[in-house]
Amino acid sequence: MKKSKINLYLLEFSINALLRAKAKNISILLIFTLLVALLSSIFFISNSIRYELNSVVDTLPEIIIQKVKGGREYDIEIDRVDDIIAINGVKSVIARVWGYYYFANAGVNFSIIGINQYEEQYKSSLERLTNRVDFDTLEANSSMLVGIGVRDIMKRNYYNRYFNFIKPNGKLKKMTIAGVFRDDILLESNDIILMSQRDAREILGISPSMATDIVVKVANPKEVSTIAEKIKFIYPDTRVVTKDDLKISYRNIFDYKSGLFLALFTISLFTFFMIVYDKSSGLNSQEKQEIGVLRAVGWSIDDILKEKFYEAFIISFISYLLGVILALFYVYILNAPLLRYIFEGYSKLKTPFELPFILDIETLAIIFFLSVPIYIGATIIPAWRASSLDVDEVIR
Amino acid sequence: MIILKDIVKEYDNIIALKDINLKIDSGELVILKGVSGSGKSTILSLIAGINRPTLGEVIVDNRRVSKLQDRFASLYRRESIGFIFQKYNLIPNLTVSDNILTPLIPINLREDEVRERLDKVLKEFNILDKRDIVVKNLSGGEQQRVAIARAFINNPKIIIADEPTANLDEVLSMSFIDIVKNLKDNKKIIIIATHDPIFFDLDIVDRLIEIKNGKIL
């Protein structure tokens, strides 16, 4: 047999050394795998939500006008649209009819959006939808389109074909499910119900002369703040929210910071664990004795370090692979139960949604460098210390 | 040839060896005699290159062993020294074969050569049937034979044994002496540190050197 460039005997010795301390190494492998899985899950969820967040922010209107009285929001008069459109620089003004509907049986909120077939829509996805779907026909048949999350919740509560809304006057309004609405941004579209504006007004209790809010599109983005000031001047009883304000607001909704905090916390925990492992277990007297024996029979410090490197690499790389696979399964197959809500900062009132699959080499590399080299270092340093000791002293 | 020249060895300001001058020729069997703590084992470890003198030089075949860097000292131990330790210093959870092969691992020899060398020493020291047994399950005598086989796997020029019969009964001690007789026939340098009188009157012994309080008497 030809001599191999890689010292397979050394590799075999390392594997045997791991198997000799089976119980200890299996526990390390399990703990390590769980830590890598936790770390990876945090990165995967964070990436998916960041992707969704960025997509949502891109579709936001430039200005939203809400009527406020005593710090609380009220419906706004539709005829204000005429005054606002007259402001120089305003491209279009859309009065929106929308609101939340609390479905007590499931304990979640649905977002109802009323669509007027003949008006400009505030989002391009809705614009495309009104070209395909006739909301007049939907209205005539008392029908609606629902997001995937809404459909699933309704199904679980035996509403397969229709749903009974309770109107503000206590009477029921039966709406048939005509189809499922799927937007590019699942986080946003998941809890949505689309119906004609008239049906939406009936269910949400909004009178025909009122809207939930008014959305303003501006020709030149640089003029947004000036136009916002002008609107505020004309209607002092309104809150004028710009896209930049909304970005901040969205970030608060998703509680992005808490996600980052958790990631940092986990990294600290992981590093802490490794340091504790290094300090507390380091090398026991039997391991030191073994290193001394190997040195005495002709192993150099380099040989010892290579052997320990193989041991550490085998454990840490297997843990890394298992941890990442476990995290992929947990996040993208199980949809990250528990952990996702910490990141979203969502209350359970939101409908569940599927995290989009976002996996990049950079994230995998970060996880690798946060786990494998740290463990290898923690294993090699005490071995280097032990092999640098006086051999005679160790083996006597 | 081994030369120890003006050797002084101190451990934490305690003098273990003082003014040691010794020359051992190829093929010689030398017994270092002395009570525990006299300095015999320290001389062995200096010759084996696992310890360095505080002063003086250890020269083996014109090589200044006491001045070698770690990498070369390891190479020297691997190629030239077969050390039989008093407590055998085997790795208890490894099999007989794996223990014997430990000195060969860094060399990365061809598989057939490794197998050949292993079979040879297993036969020579009568442990062929024990090759796959985990060392901790062997008797003291069997463990010593494994330790001797390990010392021989690299076919070293110098065999060093530290109190080889300290943990053996009379029968096993005699068996060890038979092994030493065979080694002597192979023209190797053999240095045995012991205070067991069984070695003192052996006709195969070339020199009996007495050590007392770190000095050669």
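The rules we used
Residues numbered from 1 in each chain as written. Chains lettered and ligands numbered in written order. Predicted model: local features only at pLDDT ≥ 70, side-chain atom pairs only at ≥ 80, totals over all residues. Heavy atoms only, no water. Helix = DSSP H or I, 4+ residues; strand = E, 2+ residues; numbered from the N terminus. Contact = heavy atoms within 4.5 Å. Areas by Shrake-Rupley, 256 points an atom, 1.4 Å probe, with all protein chains shown as cover. Buried area = accessible area lost by both parts, 1.4 Å probe. Salt bridge = Lys/Arg side-chain N within 4 Å of Asp/Glu carboxyl O. Polar contact = N/O pair within 3.5 Å; in protein donor to acceptor, adjacent residues only side chain to side chain. Pairing = 2+ DSSP bridges. Phe/Tyr/Trp six-rings, centres within 6.5 Å; stacked < 30°, edge-to-face > 60°. Buried < 20%, exposed > 50% of the residue type's maximum accessible area, 1.4 Å probe, protein only. Lys NZ or Arg CZ within 6 Å of the ring centre and 35° of its normal. Patch = residues over 30% accessible without salt bridge, like charges linked within 9 Å, V, L, I, M, F, W, Y side chains within 5 Å. pLDDT = per-residue confidence, 0-100. Axes fitted to C-alpha atoms, helices over the stretch in contact; angles between N-to-C directions. Parallel < 35°, antiparallel > 145°, perpendicular 65-115°, else oblique. Left-handed = near helix turned anticlockwise from the far one by under 90°. Nonpolar A, V, L, I, M, F, W, Y, C, P; charged D, E, K, R; others polar. Arc of directions from axis to C-beta.

A. Layout of the overall build of chain A. The secondary structure content of chain A amounts to 16 helices and 12 strands. Long-range contacts, defined here as pairs at least 24 residues apart, represent 79% of the contacts in chain A between residues at least 6 apart. About 19,900 Å² of surface is accessible on chain A, with carbon and sulfur atoms providing 60% of the total.

B. Main features of the interface of chain A and chain B. Listed as interface residues are 31 residues of chain A and, on the opposing side, 31 residues of chain B. With both chains or domains summed, chain A and chain B bury close to 2,700 Å², and 54% of this area falls on carbon and sulfur atoms. Between the two partners, chain A and chain B, sit 2 salt bridges. Between A:R295 and B:D70 there is a salt bridge, with the nearest N and O atoms lying 2.5 Å from each other. Inspection of the chain A/chain B interface yields 12 residue pairs in polar contact (both at pLDDT 80 or more). Those elements that provide at least two residues to the side of chain A that touches chain B are α1 (8-20), α12 (285-296), α13 (301-333) and α16 (391-395) of chain A. Here the side of chain A that touches chain B gets 7 residues from one element, more than from any other, and that element is α12(A).

C. Representation of the sheet that holds strand β4 (residues 55-60) of chain B within the structure. Residue and element names in this part refer to chain B. One open sheet accounts for 4 strands, arranged β2-β1-β4-β5; its pairing is antiparallel. Whereas interior strands pair on both sides, the edge strands pair on one side only; in this sheet they are β2 (14-24) and β5 (63-64). Note that strand β1 (residues 2-11) and β4 share 5 bridges and pair antiparallel. Note on β4: the bridge partner recorded for V8 is L55.

D. Region of the structure containing the packing of aromatic side chains. Residues and elements named next belong to chain A. Under the defined criterion, the tally for this structure stands at 24 aromatic pairs over all chains. An angle of 10° between the planes, with centres 5.2 Å apart, marks the rings of F313 and F317 as stacked. Residue F313 and its partner F317 are located together in helix α13, separated by 4 residues, close to a single helical turn. Relative accessible area serves as the criterion here: at 30%, F313 is assigned to the partly exposed category. For F317, a relative accessible area of 29% puts it in the partly exposed group. Positioned above the aromatic ring of Y74 is the side chain of K69, whose terminal nitrogen or guanidinium carbon lies 5.2 Å from the ring centre.

E. Quick look at a nonpolar patch on the surface. Residues and elements named next belong to chain A. Together, F329, I333 and L334 line one region of the surface with nonpolar side chains, adding up to about 320 Å² of accessible area. Structurally, F329 can be placed in helix α13. Residue F329 is classed as partly exposed on the basis of its relative accessible area, which comes to 44%.

F. Structural context of the confidence of the model for chain A. Looking at chain A, pLDDT values average 83 and 84% of them are 70 or higher. Note that residues 346-351 of chain A has pLDDT below 50 and, in this model, 19 contacts with residues that lie over four places away or in other chains.

G. Quick peek at the packing of helix α2 (residues 22-58) of chain A against helix α15 (residues 361-387) of chain A. Residues and elements named next belong to chain A. Between α2 and α15, the shortest axis-to-axis distance is 10 Å and the interhelical angle comes to 155°. When the axes of α2 and α15 are compared, the pair comes out roughly antiparallel. The hand of the α2/α15 crossing is right-handed. Contacts between α2 and α15 involve I28, F32, V36, L39, S40, F43, F44 and N47 from the former and T363, L364, I366, I367, L370, S371 and Y375 from the latter. Looking at side-chain class alone, the contact of α2 with α15 contains 11 nonpolar, 4 polar and no charged residues.

H. Seen up close, the environment of A:R80. All names here are of chain A. Along the polypeptide, R80 turns up in helix α3 (residues 80-85). Residue classification places R80 among the buried positions, given a relative accessible area of 9%. The spacing of R80 and I206 is 126 residues in sequence and 16 Å in space, taken between C-alpha atoms. The contact partners of R80, leaving out residues within four places of it in the chain, are K67, I214, Y235, D237 and T238.

I. The sheet that holds strand β6 (residues 81-84) of chain B, seen in detail. Residues and elements named next belong to chain B. An order of β6-β7-β8-β3-β9-β10 is seen for the 6 strands of this open sheet, with the pairing classed as mixed. The two strands at the open ends of the sheet, each matched to only one other strand, are β6 and β10 (215-216). Direction of pairing for strand β3 (residues 29-33) relative to strand β9 (residues 207-212): parallel, over a ladder of 4 bridges. Residue pairing in the sheet places K33 in a bridge with E210 of β9.

J. The arrangement of the pairing of β2(B) in detail. Of the pairings in the sheet, the one linking β1(B) to β2(B) comprises 7 bridges and is antiparallel in character. Directly across from B:I7, in β2(B), lies its bridge partner B:I20.

K. Up close: the environment of A:F368. Residues and elements named next belong to chain A. Inspection of the secondary structure assignment puts F368 in helix α15. Considering only alpha carbons, one finds F368 and Y320, 48 residues apart in sequence, at a separation of 6.8 Å. For F368, the contacting residues outside a window of four places in its chain are F317, Y320 and P373.

L. Up close: helix α9 (residues 224-234) of chain A. Residues and elements named next belong to chain A. When we look at burial in α9, the residues that qualify are V224, I227, A228 and I231. Summarising the axial view, the buried residues of α9 lie within an arc of 105°, below the 170-degree limit, and thus occupy one face. Among the exposed residues of α9, those oriented more than 90 degrees off its buried face are E229 and F233. Those residues of α9 hidden inside the fold are in contact with β1 (63-69), α3, β4 (90-103), β11 (213-218) and β12 (238-242).

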